[in-house]
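# Structural overview
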Number of protein chains: 2
Amino acid sequence: MGTTQLESVPEPKYWHLKTVLGEALDSEFTVGEILPNERDLAARFGVARATLRQALEQLELEGRLQRRRGVGTTVAPPRMGVEVGPAQNAWPGETDDWQPADCVQTAPPAAVAKLLGCGTQEPVHAVRRSRVSGGQPVAAELLYVPAASVPELSAIETPGGPARARAVLRELGRLGLEGEDRAVELGSARADDAKQLDRLPGAPVLLVTTRYFAQGRTAAVSVATYRADTCRLTFGDSGDVQIDHGQERRAS
Amino acid sequence: MGTTQLESVPEPKYWHLKTVLGEALDSEFTVGEILPNERDLAARFGVARATLRQALEQLELEGRLQRRRGVGTTVAPPRMGVEVGPAQNAWPGETDDWQPADCVQTAPPAAVAKLLGCGTQEPVHAVRRSRVSGGQPVAAELLYVPAASVPELSAIETPGGPARARAVLRELGRLGLEGEDRAVELGSARADDAKQLDRLPGAPVLLVTTRYFAQGRTAAVSVATYRADTCRLTFGDSGDVQIDHGQERRAS
DNA sequence: TAGTGGTCTAGACCACCCT
DNA sequence: GGGTGGTCTAGACCACTAC
């Protein structure tokens, strides 16, 4: 018979489909090229559209495809490396491509309050910023700065816009930065972050939580939301190395 | 009428469902508790099972739920912090909970060869290891070590099992480590990694690629696959801090 | 207006775990 | 064997984009 031994291990259809499509992307498509639409592709492979979509979702998760409603599915460029590590200890955005958006005074979320070592009642400055790299937004950040960290600012009555955000960052920069630590985990984009990142709500993101230490305490906490589909976070100087794809392939 | 203004922004059902379920998890469930099955839950909320599953998938992605086929859906504990950062420069596993599995001599994948600065023809030792934390597997790793990095080993004719893996690591440890850098990105588990991690193929994982520098060149490259649902990768000493949930909630 | 991806439904069957 | 989550189908309608 024409059957191989592999028939005895019924691989899910969408998984096989993902493999086939992935290989086709390598060999028959170029970056930016648009794929046939989902209905055509599903028909071509003889599966339901939902099954095809499961395969496309995987490929999108791995950063190989980009899908946009009303437009189509395109072949994604390799992920860009964005430096998030403490190559040198520095307050965020001092030498970087962060753009302050606005700043409000608010009560911190419980998790942030715990990191700051303060209660949820103590008001903090919440600076919202965007990080742009390669011409497109890659991250949305909320930087929580306790009022105690920037005492000079309290008296100033500036509006809550970008001007105030810059003022907070300027005051923060006057403190001697003693250290920082970071954590990275998977999350899904909240509605507001998704908008900033030009993605749909729920899109997979990498959450980078950073604590900044100064004057013997936690002087600020940053929660940055990076697009997981387009970004590879680098710690150290590996950002300049090109990776072929997010997913390694096993040598045969 | 009983309609609110929010009706004008038709939030997807699964998104609303995710929010409702998430709040229920906070207030009415304890860690480890098992939820009603998907068919019951779908009926209770008046949606199709597929729609409910979309919500559950999001919550699982955020590390709030754990689903196991044949068993059920349980409330997940907060993600554990696993240290991956260079708290101090050290060869991997010197002070850690890594467990060598086996070691084969093979040709490196193209992406790894590029990082090593060698061709895909030059054979390398591929050491496979598992990392266990809190009693469960959290990472599967492939450590690629060019034969040139461990010259003493070449002559030894040990079998390809754990003994050989330990031998490679021992030889590697004799080199003076000059530095390392890391990259983190989102991926999906290959079949073999998924098995090691006790997950289904395609499960979301955090890929940590590390380059180890010694003797003026890249002496080894590690590709580690961390479970994204249960792990929060920490860089520095933030591992001991408890985070309530992977996803921050906005202060109202 | 036409075409795309995003959401949703109501079923069916399968693989796996436990008893 | 009975119950669970995982896969798959064949439709339908919606939201968005571009022309």
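Just above sits the structure.
Residues numbered from 1 in each chain as written. Chains lettered and ligands numbered in written order. Predicted model: local features only at pLDDT ≥ 70, side-chain atom pairs only at ≥ 80, totals over all residues. Heavy atoms only, no water.

## Regarding the overall build of chain A
Counting its regular elements, chain A contains 6 helices and 10 strands. Counting all 252 residues of chain A, 50% fall into the buried class. In chain A, of all internal contacts separated by at least 6 residues, the share reaching a separation of at least 24 is 65%. Accessible area of chain A: about 11,800 Å², with a carbon and sulfur share of 52%. (Helix = DSSP H or I, 4+ residues; strand = E, 2+ residues; numbered from the N terminus. Buried < 20%, exposed > 50% of the residue type's maximum accessible area, 1.4 Å probe, protein only. Contact = heavy atoms within 4.5 Å. Areas by Shrake-Rupley, 256 points an atom, 1.4 Å probe, with all protein chains shown as cover.)

## Comments concerning the packing of helix 1 (residues 13-28) of chain B against helix 3 (residues 49-61) of chain B
Residues and elements named next belong to chain B. Here helix 1 crosses helix 3 at 55°, and the two axes come no closer than 8 Å. By the angle class used here, helix 1 and helix 3 are oblique. In this structure, helix 1 crosses over helix 3, and the sense of that crossing is right-handed. When helix 1 is examined against helix 3, the residues Lys13, Tyr14, Trp15, Leu17, Lys18, Leu21, Gly22 and Leu25 are found in contact with a partner set consisting of Thr51, Leu52, Gln54, Ala55, Leu56, Gln58 and Leu59. Among the residues forming the contact of helix 1 with helix 3, the class breakdown is 9 nonpolar, 4 polar and 2 charged. (Axes fitted to C-alpha atoms, helices over the stretch in contact; angles between N-to-C directions. Parallel < 35°, antiparallel > 145°, perpendicular 65-115°, else oblique. Left-handed = near helix turned anticlockwise from the far one by under 90°. Nonpolar A, V, L, I, M, F, W, Y, C, P; charged D, E, K, R; others polar.)

## Considerations on the protein's contact with DNA strand C
Taken together, 27 residues surround DNA strand C, and among them Asn37(A), Arg49(A), Arg53(A), Lys13(B) and Thr51(B) come closest. Here a phosphate oxygen of DNA strand C sits 3.4 Å away from a polar atom, N or O, in the side chain of Arg67(A). Where the surface near DNA strand C is concerned, the elements lending two or more residues are helix 2 (38-45), helix 3 (49-61), strand 1 (65-68) and strand 2 (72-75) of chain A together with helix 1 and helix 3 of chain B. Per element, the largest residue contribution to the surface near DNA strand C is 4 residues, and it comes from helix 3 of chain B. The class makeup of the residues in the surface near DNA strand C is 9 nonpolar, 7 polar and 11 charged. (Near = heavy atom within 4 Å. Polar contact = N/O pair within 3.5 Å; in protein donor to acceptor, adjacent residues only side chain to side chain.)

## Re the protein's contact with DNA strand D
By nearness alone, 27 residues border DNA strand D, and Lys13(A), Ala48(A), Thr51(A), Asn37(B) and Arg49(B) come closest of all. Sugar and phosphate atoms form 67% of the subset of DNA strand D atoms that lie within 4 Å of the protein. At 2.8 Å from a phosphate oxygen of DNA strand D is found a main-chain nitrogen or oxygen belonging to Ala48(A). Within the side chain of Arg49(B), one N or O atom sits 2.8 Å away from a base nitrogen of DNA strand D. Of all elements in the fold, only helix 1 (13-28) and helix 3 of chain A together with helix 2 (38-45), helix 3, strand 1 (65-68) and strand 2 (72-75) of chain B reach the threshold of two or more residues within the surface near DNA strand D. Per-element tally for the surface near DNA strand D: the top contributor is helix 3 of chain A, with 4 residues. For the surface near DNA strand D, the residue count by class is 9 nonpolar, 7 polar and 11 charged.

## Considerations on helix 2 of chain B
Residues and elements named next belong to chain B. Within helix 2, the full set of buried residues consists of Glu38, Leu41 and Ala42. Seen from one end, helix 2 has its buried residues packed into an arc of 100°, which puts them on one side. Away from the buried face of helix 2 by more than 90 degrees, exposed residues Arg39, Ala43 and Arg44 are located. Looking at the packing, one finds that the buried side of helix 2 touches helix 3 and strand 1. With a side-chain oxygen lying 2.9 Å from the backbone nitrogen of Arg39, the N-terminal cap of helix 2 falls on Asn37. Just downstream of helix 2, Gly46 is the residue with a positive phi angle, here 70°. (Arc of directions from axis to C-beta.)

## Quick notes on the nonpolar core
By size, the foremost hydrophobic cluster in this structure holds 34 residues, and its most contacted members are Val184(A), Tyr226(A), Leu233(A), Val184(B), Tyr226(B) and Leu233(B). Contact partners of Leu233(A), with chain neighbours within four places excluded, come to Val82(A), Val84(A), Val184(A), Leu206(A), Val208(A), Tyr226(A), Arg182(B), Ala183(B) and Val184(B). (Core = buried A, V, L, I, M, F, W, Y, C linked by side-chain atoms within 4.5 Å.)

## A word on the pattern of salt bridges
Note on pairing: side chains with opposite charge can pair once their charged atoms come close. Residue and element names in this part refer to chain B. One pass over the structure, following the stated rule, counts 43 salt bridges over all chains. A salt bridge links Asp193 to Arg128; the nearest nitrogen and oxygen atoms lie 3.3 Å apart. Linking Asp193 in helix 6 (residues 191-197) with Arg128 in strand 5 (residues 124-133), this pair joins segments that are 65 residues apart in sequence. Its relative accessible area of 4% is what places Asp193 among the buried residues. Looking at Arg128, the relative accessible area reads 12%, which means it is buried. (Salt bridge = Lys/Arg side-chain N within 4 Å of Asp/Glu carboxyl O.)

## Re the pairing of strand 10 (residues 231-235) of chain B
Of all 5 residues in strand 10 of chain B, 5 are buried; the element is thus mostly enclosed. The alternating pattern of strand 10 of chain B places Cys231(B), Leu233(B) and Phe235(B) on one face and Arg232(B) and Thr234(B) on the opposite face, and all of these are buried. By the bridge criterion, 3 bridges tie strand 7 (residues 177-188) of chain A to strand 10 of chain B in an arrangement that is antiparallel. Within the sheet, the bridge partner assigned to Val184(A) lies in strand 10 of chain B and is Leu233(B). Strand direction decides the pairing type here: strand 3 (residues 80-83) of chain B and strand 10 of chain B, joined by 4 bridges, are parallel. (Pairing = 2+ DSSP bridges.)

## Here's the deal with the sheet that holds strand 8 (residues 204-214) of chain B
Two strands in a sheet stick together by hydrogen bonds in their backbones, pointing the same way (parallel) or opposite ways (antiparallel). The 8 strands lie next to each other as 3(A)-10(A)-7(B)-8(B)-9(B)-6(B)-5(B)-4(B), forming an open sheet whose pairing is mixed. Only two strands of the sheet have a single neighbouring strand rather than two, namely strand 3 (80-83) of chain A together with strand 4 (98-106) of chain B. Strand-to-strand twist of the sheet, defined as the mean angle between neighbouring strand axes without regard to direction, takes the value 20°. Direction of pairing for strand 4 of chain B relative to strand 5 of chain B: antiparallel, over a ladder of 8 bridges. Along strand 5 of chain B, the bridge assignment pairs Thr106(B) with Val124(B). The strands touched by helix 5 (residues 162-173) of chain B within the sheet are strand 4, strand 5, strand 6 (136-146) and strand 9 (217-227) of chain B, with strand 4 of chain B carrying the most contacts at an inclination of about 90°.

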